[in-house]
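Take a look at the letters that make up each chain.
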Amino acid sequence: MSTTVEDALLTRRSCRAFRPDPVPRTEVERLLALASRSASNSNCQPWRVHVLTGAAKRALTADLLRAHDEGRRAASEFGYQPGAGEWREPFRSRRRRFGEGLYRDALGIEPGDTAGRLAHHRRNYDFFGAPVGMVLTVSRLPLRGALVDAGLFLQGLMLAARGAGLHTCAQASLIDFHPVLRRHLDVPADHVVVCGIALGYADEDHRLGAHRTTREPVSAFATFHDRVAD
Ligand SMILES: Cc1cc2nc3c(=O)[nH]c(=O)nc-3n(C[C@H](O)[C@H](O)[C@H](O)COP(=O)(O)O)c2cc1C
């Protein structure tokens, strides 16, 4: 459990293997209330969260997997990311390193093992075994600022979870099947699905328990300005 913001930031990771132990609804509500303290443009709070457990989560998982296996992928409603071959540097290289780190190094799945990669990817739709699956949506009127606000809410929720000894994984993979989510959750037309979020207790014994990602040094992304240019 993280008792400082620093520790929550340092111990948050995308958890992709959960124990089935339930998280009480009161606890989920408390975490959502904490996340709702996030800043938003003019305090508009454009987010909505759908929380799925038990039979509702199982039914959604079954439909998502069916859609996935039948290739019913839908285009993102807000251009979440470029197509596979369209990433520019340095993001292309960082994505490749991330993929190698997760699939080859942590999971032991070789690059050519399409079936192995697919089997892991499908676990997204079961929220990696987490007892709680969430779906975050935001108003599309206006959309761009709301997406910024959604990111803050997401981070707030993930850090609040660490404060409770819980782990999370943000899941954009769910938006590939937003028509399924819309149908199950009755998402209104003026909202877009931002991502899914798995929430629960990490299975630290799983081989992914030790998987960590790296970061660029501050010098790679921060520019300090202390003088006015001549
Ligand atoms: C908006 C968003 C969507 C993501 N979608 C997925 C996803 O669908 N599946 C997944 O396994 N990880 C997903 N991730 C996790 C990223 O891969 C992860 O944050 C990144 O590799 C850094 O690793 P870390 O979170 O463990 O620090 C997502 C992260 C974010 C912020």
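Residues numbered from 1 in each chain as written. Predicted model: local features only at pLDDT ≥ 70, side-chain atom pairs only at ≥ 80, totals over all residues. Heavy atoms only, no water.

If you look the chain up in an unreviewed UniProt entry, it shows as Nitroreductase from Amycolatopsis pretoriensis. Check the Cofactor (unreviewed entry) section of the UniProt entry for the chain; it says "FMN". The Sequence similarities (unreviewed entry) comment attached to the chain in UniProt states, word for word, "Belongs to the nitroreductase family." (UniProt positions renumbered as here; feature names shortened; annotations may be inferred.)

For the rest of this paragraph, the subject is the pattern of salt bridges. Here the structure, examined in full by the defined rule, presents 15 salt bridges. In this structure, D21 engages R19 in a salt bridge whose closest nitrogen and oxygen atoms are separated by 3.4 Å. (Salt bridge = Lys/Arg side-chain N within 4 Å of Asp/Glu carboxyl O.)

Looking now at the side chain of R12. For R12, the position within the fold is in the loop between α1 (5–11) and α2 (25–35). An unpaired buried charge is present at R12: no salt bridge exists, and D7, the closest side chain of opposite charge, is 12 Å distant. (Helix = DSSP H or I, 4+ residues; strand = E, 2+ residues; numbered from the N terminus. Buried < 20%, exposed > 50% of the residue type's maximum accessible area, 1.4 Å probe, protein only. Lys, Arg positive; Asp, Glu negative; His and termini not counted.)

So, about helix α6 (residues 143–163). For α6, with 21 residues, the first-to-last C-alpha span of 30 Å sits near the 30 Å given by 1.5 Å per residue. Contact partners of the buried residues in α6: α1, α2, β1 (47–52), β2 (132–139), β3 (167–171) and β4 (191–200). Positive phi shows up at G165, right after α6, with a value of about 75°. (Expected span 1.5 Å × (residues − 1). Contact = heavy atoms within 4.5 Å.)

Time to look at unusual backbone geometry. Note the cis peptide between E89 and P90, where omega equals 5°. Its location among the elements puts P90 in the loop between α3 (54–69) and α4 (91–106). With an omega of 0°, the peptide bond running from L141 to P142 counts as cis. Note on placement: P142 falls in the loop between β2 and α6.

The subject of this paragraph is the sheet that holds β2. Strand pairing in a sheet relies on backbone hydrogen bonds, with the paired strands running either antiparallel or parallel. The strand order across the open sheet formed by 4 strands is β1-β2-β4-β3, and the pairing between neighbours is antiparallel. Both outer strands of the open sheet, β1 and β3, are each paired with one neighbouring strand and no more. The sheet shows a mean angle of 25° between the axes of neighbouring strands, taken without regard to direction. Sheet topology places β1 next to β2; 6 bridges connect them, and they run antiparallel. Paired with V49 across the strands is L136, a residue of β2. Along the sheet, α6 contacts β1, β2, β3 and β4; its crossing angle with β2, the most-contacted strand, is approximately 155°. (Pairing = 2+ DSSP bridges. Axes fitted to C-alpha atoms, helices over the stretch in contact; angles between N-to-C directions.)

So, about empty space enclosed by the protein. Applying the stated criterion across every chain, the model contains 1 cavity of 30 Å³ or more. Space inside the largest cavity adds up to approximately 30 Å³. Lining the largest cavity are R13, S14, C15, R16, L102, L208 and H211. Class assignment of the residues belonging to the lining of the largest cavity gives a composition of 3 nonpolar, 2 polar and 2 charged. (1 Å grid on protein atoms, 1.4 Å probe; cavity = no way out; pocket = protein on both sides within 12 Å on 5 of 7 lines; lining within 4 Å. Points joined across faces, edges and corners; volume = space filled by probe spheres on them. Nonpolar A, V, L, I, M, F, W, Y, C, P; charged D, E, K, R; others polar.)

Because each turn of an α-helix spans 3.6 residues, side chains separated by three or four positions in sequence point in the same direction. Over its 16 residues, α3 runs 23 Å from end to end, which matches the ideal 22 Å to within 8%, given 1.5 Å per residue. Looking only at α3, the buried set comprises K57, L60, T61, D63, L64, L65, A67 and H68. Packed against the buried residues of α3 are β1, α5 (114–122), β2 and α7 (178–185). One or two steps after α3, the chain reaches G71, where phi turns positive at roughly 70°.

Turning our eyes to something else, we now look at the packing of aromatic side chains. Given two aromatic rings, their pairing is described by the distance between the two centres and the angle made by the two planes. Enumeration over the complete set of coordinates arrives at 3 aromatic pairs. On the basis of an interplanar angle of 80° and a centroid distance of 5.4 Å, the ring pair of Y125 and F177 is categorised as edge-to-face. In this pair, Y125 is assigned in the loop between α5 and β2 and F177 in the loop between β3 and α7, connecting sequence segments 52 residues apart. There is no split in this pair, since Y125 and F177 are both buried. Lying over the aromatic face of Y103, R117 brings its terminal NZ or CZ to 4.1 Å of the ring centre. (Phe/Tyr/Trp six-rings, centres within 6.5 Å; stacked < 30°, edge-to-face > 60°. Lys NZ or Arg CZ within 6 Å of the ring centre and 35° of its normal.)

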